[in-house]
Amino acid sequence: MTAMLEVKDIHCAYDHVPVIHGISLHVNEGEVVAILGANGAGKSTMMRTIAGLMHPTAGSISFDGSDITKMPASRSIKQGLSYVPEGRRLFAKLTVRENLELGAFSSGGGGDCVAERLEEMYELFPILKSRSNQTAETMSGGEQQMCAIARGLMSRPKLIMLDELSLGLQPSLVERVFETVVEIRKRGVTILLVEQMVQEALEIADRGYVLQTGRVVHEGSSQELLDSDEVRKAYMGM
Ligand code: ATP
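Let me begin by describing the structure that accompanies this report. (Residues numbered from 1 in each chain as written. Predicted model: local features only at pLDDT ≥ 70, side-chain atom pairs only at ≥ 80, totals over all residues. Heavy atoms only, no water.)

Before going further, it helps to spend a moment on the sheet that holds strand 4 (residues 58–63). The strand order across the open sheet formed by 4 strands is 2-1-4-5, and the pairing between neighbours is antiparallel. The open sheet terminates on both sides in strands that have one partner only, identified here as strand 2 (17–27) and strand 5 (66–67). Pairing analysis gives 8 bridges linking strand 1 (residues 5–14) to strand 2, with the strands arranged antiparallel. Looking at the pairing, Tyr-14 lines up with Val-17 of strand 2. In this fold helix 1 (residues 43–51) packs onto strand 1, strand 2 and strand 4, with an angle of close to 115° to the strand it touches most, strand 1. (Pairing = 2+ DSSP bridges. Helix = DSSP H or I, 4+ residues; strand = E, 2+ residues; numbered from the N terminus. Contact = heavy atoms within 4.5 Å. Axes fitted to C-alpha atoms, helices over the stretch in contact; angles between N-to-C directions.)

In structure tokens form, the structure reads like this:
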């Protein structure tokens, strides 16, 4: 089976300082795959590189049959690859609805389909419907995270990349956000997520990769990683 996303031996650097030293990973259609690891392991750099916000210094990335190694984010989103960055990055002064509409326009979608997509998002996140005319900055952290995910889904992606959804959220909201990921998967969207909450992420993922200083140090099914003494000691405090 050909993977939907295939990352082959990529290297990345900031100002010629290498931070990713040859990472390979793949995501099959319909899977939820987690990228795990401590601060500074290179998780966000991986995501930004796949999204096309930066380009690898070596290696290749293919998505849905196309080589996207050097493709800018503005084009890969039109191919069906959406990225929800760490820290949400909503437009604070725009309303929830306006933020969501921008998610549709960035993929080249406009006009009639926007209203239809908005309705889909309001069905998935009812709280956003009641907050639709409220500016993003006036919402709670959990609501903002829902809005950021919904904006990422407005382009109707085949694969969505979710970076540190749990960051800064209280435990009850973390659970709610992870339930949402399960719901998105049921709707047929393939998911690559980055998390520091290793146990919670593996409970909803099929497989995972653990990064450490720019390399994959463990990979396997979620159950294998949950059962691994090394992973439990290093990343779950057990
Ligand atoms: P975190 O959860 O803290 O975001 P991470 O696993 O996502 O961690 P990255 O943000 O990808 O890690 O960082 C990997 C390495 O790259 C780190 O050493 C970091 O200091 C460095 N780095 C990240 N962003 C930049 C940047 N814009 N300029 C220079 N170095 C960077």
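It is worth spelling out the state of the cysteines at this point. One pass over the structure, following the stated rule, counts 0 disulfides. Not engaged in a disulfide, the cysteine Cys-113 finds its nearest cysteine sulfur in Cys-147; these two sulfurs lie 18 Å apart. (Disulfide = S-S within 2.5 Å.)

What follows is about the pattern of salt bridges. Taken as a whole and assessed by the stated rule, the structure comprises 11 salt bridges. Here Arg-207 and Glu-31 are joined by a salt bridge, their closest N and O atoms 2.8 Å apart. Of this pair, Arg-207 sits in strand 9 (residues 207–212) while Glu-31 sits in the loop between strand 2 and strand 3 (32–36); the two residues are 176 residues apart in sequence, bridging distant segments of the chain. Neither residue differs from the other here; Arg-207 and Glu-31 are each classed as buried. Residue Glu-116 pairs with Arg-156 through a salt bridge whose shortest N-O separation is 3.1 Å. Pair noted here: Glu-116 is in helix 4 (residues 112–124) and Arg-156 is in the loop between helix 6 (141–153) and strand 7 (159–163), with a separation of 40 residues, a long-range link. (Salt bridge = Lys/Arg side-chain N within 4 Å of Asp/Glu carboxyl O. Buried < 20%, exposed > 50% of the residue type's maximum accessible area, 1.4 Å probe, protein only.)

This next bit is on unusual backbone geometry. The backbone of His-16 sits at a positive phi, close to 70°, despite the residue not being glycine. Structurally, His-16 is set in the loop between strand 1 and strand 2. On the basis of relative accessibility, which here comes to 79%, the residue His-16 falls in the exposed class. The phi dihedral of Glu-164 falls on the positive side, at around 50°, and the residue is not glycine. Mapped onto the fold, Glu-164 is located in the loop between strand 7 and helix 7 (171–186).

With that settled, consider the nonpolar core. Within the largest apolar cluster, 47 residues are counted, with the highest numbers of intra-cluster contacts made by Phe-125, Leu-153, Leu-162 and Leu-193. Considering every element that reaches this core, the biggest residue donor is helix 6, with 6 residues. Sequence-distant contacts of Phe-125, defined by excluding residues within four places in its chain, comprise Met-146, Ile-149, Ala-150, Leu-153 and Thr-180. Judged by nonpolar contacts, the second largest core, of 29 residues, contains Leu-25, Met-54, Met-71 and Val-194. (Core = buried A, V, L, I, M, F, W, Y, C linked by side-chain atoms within 4.5 Å.)

Residues Phe-91, Leu-102 and Phe-105 make up a contiguous nonpolar surface patch of about 290 Å² in total accessible area. Tracing the backbone shows Leu-102 in helix 3 (residues 96–105). (Patch = residues over 30% accessible without salt bridge, like charges linked within 9 Å, V, L, I, M, F, W, Y side chains within 5 Å. Areas by Shrake-Rupley, 256 points an atom, 1.4 Å probe, with all protein chains shown as cover.)

Moving on, we get to the site of the ligand. Close contacts around the ligand come from 14 residues, with Gly-40, Gly-42, Lys-43, Ser-44 and Thr-45 the closest. At 3.5 Å from a nitrogen atom of the ligand is found a side-chain nitrogen or oxygen belonging to Tyr-14. Ser-44 places a polar main-chain atom, nitrogen or oxygen, 2.7 Å from an oxygen atom of the ligand. Coverage of the ligand by the protein chains reaches 60% of its 620 Å² of free accessible surface. When residues of the shell around the ligand are assigned to their parent elements, the largest contribution, 4 residues, is made by helix 1. Considering only residue class, the shell around the ligand consists of 4 nonpolar, 6 polar and 4 charged. (Near = heavy atom within 4 Å. Polar contact = N/O pair within 3.5 Å; in protein donor to acceptor, adjacent residues only side chain to side chain. Nonpolar A, V, L, I, M, F, W, Y, C, P; charged D, E, K, R; others polar.)

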